[in-house]
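# Chains, contacts and geometry: an overview
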Amino acid sequence: METKKKDIRAFTKEQLRDFFVSHGDKAFRGNQVYEWLWHKSAHSFEEMTNLSKETRQMLESNFTINHIKVDQMQRSSDGTIKNAVLLHDDLVVESVLIPTKSRTTACVSSQVGCSLDCRFCATARLKRMRNLNPDEIYDQVVAIDNESRLYFDRPLTNIVFMGMGEPLMNYNNVLQAIDKITSPEGLGMSPKRITLSTSGVPKMIKKMADDGVKFKLAVSLHSAIDSVRTTIMPFNATFNLSDLREALKYWYNKTKSRITYEYVVWEGINDKLRDVEALVDFCRFAPSKVNLIEYNPIDEGDFRQASNKAIDLYVDTLERHGIVVTVRRSRGKDIDAACGQLANKS
Ligand code: SF4
């Protein structure tokens, strides 16, 4: 009976070293294989040319490398690239390369589908099938880094966990992926260039603070009034704003790291003065930045981008209270790659 091959990237370096010793070889072979798997991002054992043919065959008969495959790539007229990423079990997620003058940002997915139900988000319509493994998250970043070098002649500069899924519902795997991305044995990127964007899971925000993570935190807030937020993000009924605020205070006290709020202003939903005032009240306990993001309609639904007058009201009021605010135009709209549009439609 053929035994099932193991996913070699689920093994730590120590475990690989032990594997070689138990097969009568030197422990440092484990280091060599580990370097091929992560730093050099090898797709096959055949590529590991500093190993003997016998060693490569032995690895081949014991293990698989479940590398992702960029199945389809779409390019927007503004330069944004969207990858449809095929996983080893034929499921698909999406990741996006967002170029600006000085940066290339990778927006990566952390789950296949999403278990949360934000009313304005296309991903919410896909059932959550499973969490992504650390290597599947890592591979998305490598794929975008390669595309950045190929099409923009520069390496990837920033990463946001803002693709499909809620990263804090797949915390351990996301953390392991970030460890590999920031390690010199992986991609060696600075954690300061990585932002984890969450819809706000209070318990996990506190856990991140306790774990002493070095990356940045962004919260998709969209309303600082419970009744409004629950209408657009129904899980707010469970993780309400007072719990979220308490968790963010805890985060700030421990990390002293500024909090970014992602915020879309919709016509007739959160475009009044009372909405802006509630936002000011919510975030003034710590240095904060509010990103006002342009909305991308996902169908004929109830959500429409608010007027410029409403956006000006937000900008003026926030600035008056010393809160940093930016207005972000959406990118990649023509290929459904903009925020809230990822839904495996390509
Ligand atoms: S906005 Fe994020 S958390 Fe909400 S449904 Fe979409 S992917 Fe999930």
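Read on for an overview of the structure. This is a predicted model, so every value here is computed, not measured.

Conventions and cut-offs
Residues numbered from 1 in each chain as written. Predicted model: local features only at pLDDT ≥ 70, side-chain atom pairs only at ≥ 80, totals over all residues. Heavy atoms only, no water. Helix = DSSP H or I, 4+ residues; strand = E, 2+ residues; numbered from the N terminus. Buried < 20%, exposed > 50% of the residue type's maximum accessible area, 1.4 Å probe, protein only. Lys, Arg positive; Asp, Glu negative; His and termini not counted. Salt bridge = Lys/Arg side-chain N within 4 Å of Asp/Glu carboxyl O. Polar contact = N/O pair within 3.5 Å; in protein donor to acceptor, adjacent residues only side chain to side chain. Contact = heavy atoms within 4.5 Å. Phe/Tyr/Trp six-rings, centres within 6.5 Å; stacked < 30°, edge-to-face > 60°. Lys NZ or Arg CZ within 6 Å of the ring centre and 35° of its normal. Pairing = 2+ DSSP bridges. Axes fitted to C-alpha atoms, helices over the stretch in contact; angles between N-to-C directions. Core = buried A, V, L, I, M, F, W, Y, C linked by side-chain atoms within 4.5 Å. Patch = residues over 30% accessible without salt bridge, like charges linked within 9 Å, V, L, I, M, F, W, Y side chains within 5 Å. Areas by Shrake-Rupley, 256 points an atom, 1.4 Å probe, with all protein chains shown as cover.

## Quick word on the side chain of Asp-7
- Take Asp-7: it is sitting in strand S1 (residues 6–7).
- Although buried, Asp-7 forms no salt bridge, and the nearest oppositely charged side chain, Arg-9, lies 5.1 Å from it.
- At 3.1 Å, the side chain of Asp-7 forms a polar contact with the backbone nitrogen of Arg-9.
- Apart from the residues within four sequence positions on either side, Asp-7 is in contact with Thr-64, Asn-66 and Asp-135.

## Some thoughts on the packing of aromatic side chains
- What the rule picks out here adds up to 12 aromatic pairs.
- Ring geometry for Trp-38 versus Tyr-138: centroids 4.9 Å apart, planes at 80°, classification edge-to-face. Here Tyr-138 lies in helix H4 (residues 134–152) and Trp-38 lies in the loop between helix H2 (28–37) and helix H3 (53–62), a separation of 100 residues in the sequence.
- What makes Trp-38 buried here is its relative accessible area of 1%.
- We classify Tyr-138 as buried; its relative accessible area is 0%.
- Ring plane angle 75° and centroid distance 5.6 Å describe the contact between Trp-266 and Tyr-295, whose orientation is recorded as edge-to-face. On the criterion of sequence distance, the pair formed by Trp-266 in the loop between strand S12 (259–263) and helix H9 (273–283) and Tyr-295 in the loop between strand S13 (288–293) and helix H10 (308–320) is long-range, its members being 29 residues apart.
- Taken together, the ring pairs connect Phe-11, Phe-19, Phe-20 and Phe-63 into an aromatic cluster.
- Across the ring face of Tyr-151, the terminal group of Arg-75 is positioned such that the distance to the ring centre comes to 4.4 Å.
- Here the guanidinium or amino end of Lys-206 rests over the ring plane of Tyr-250, the centre of that ring lying 5.8 Å away.

## As for the sheet that holds S13
- Ordered by their spatial adjacency, 10 strands build an open sheet running S3-S4-S5-S6-S9-S10-S11-S12-S13-S14, and the pairing between neighbours is mixed. Strands at the two margins of the open sheet, each flanked by one partner only, are strand S3 (69–75) and strand S14 (324–328). The sheet shows a mean angle of 20° between the axes of neighbouring strands, direction not considered.
- Set on the sheet, helix H5 (residues 171–182) makes contact with strand S9 (158–161) and strand S10 (194–198); between it and S10 the angle comes to about 165°.
- Contacts between H10 and the sheet are confined to S12, S13 and S14, with S14 contributing the most and set at about 160° to the helix.

## Quick notes on the nonpolar core
- Met-48, Leu-59 and Met-208 are the most contacted members of the largest nonpolar core, which has 89 residues in total.
- Sequence-distant contacts of Met-208, that is, excluding residues within four places in its chain, are made with Leu-168, Tyr-171, Leu-196, Val-213, Phe-215, Leu-217 and Trp-251.

## With respect to a nonpolar patch on the surface
- A contiguous nonpolar surface patch, about 340 Å² in accessible area, is contributed by Val-70, Met-73, Leu-150 and Tyr-151.
- Residue assignment for the nonpolar patch shows that the elements contributing at least two residues are S3 and H4.

## Concerning the pattern of salt bridges
- Applying the stated criterion to the full structure yields 18 salt bridges.
- Notably, a salt bridge pairs Asp-71 with Lys-69, separated by 3.6 Å at the nearest N-O pair.
- When its relative accessible area of 45% is taken as the criterion, Asp-71 is described as partly exposed.
- Glu-136 is paired through a salt bridge with Arg-130; the nearest N and O atoms lie 2.9 Å apart.
- A single network of salt bridges, built from pairs that share partners, joins Arg-9, Asp-135 and Asp-139.

## Some points on unusual backbone geometry
- The backbone of Asp-153 shows a phi angle near 60°, a positive value even though the residue is not glycine.
- Turning to its location among the elements, Asp-153 is positioned in the loop between H4 and S9.
- Positive phi values are uncommon outside glycine, yet His-222 reaches one of about 65°.
- Looking at where His-222 falls in the secondary structure, it is placed in the loop between strand S11 (216–220) and helix H7 (226–232).

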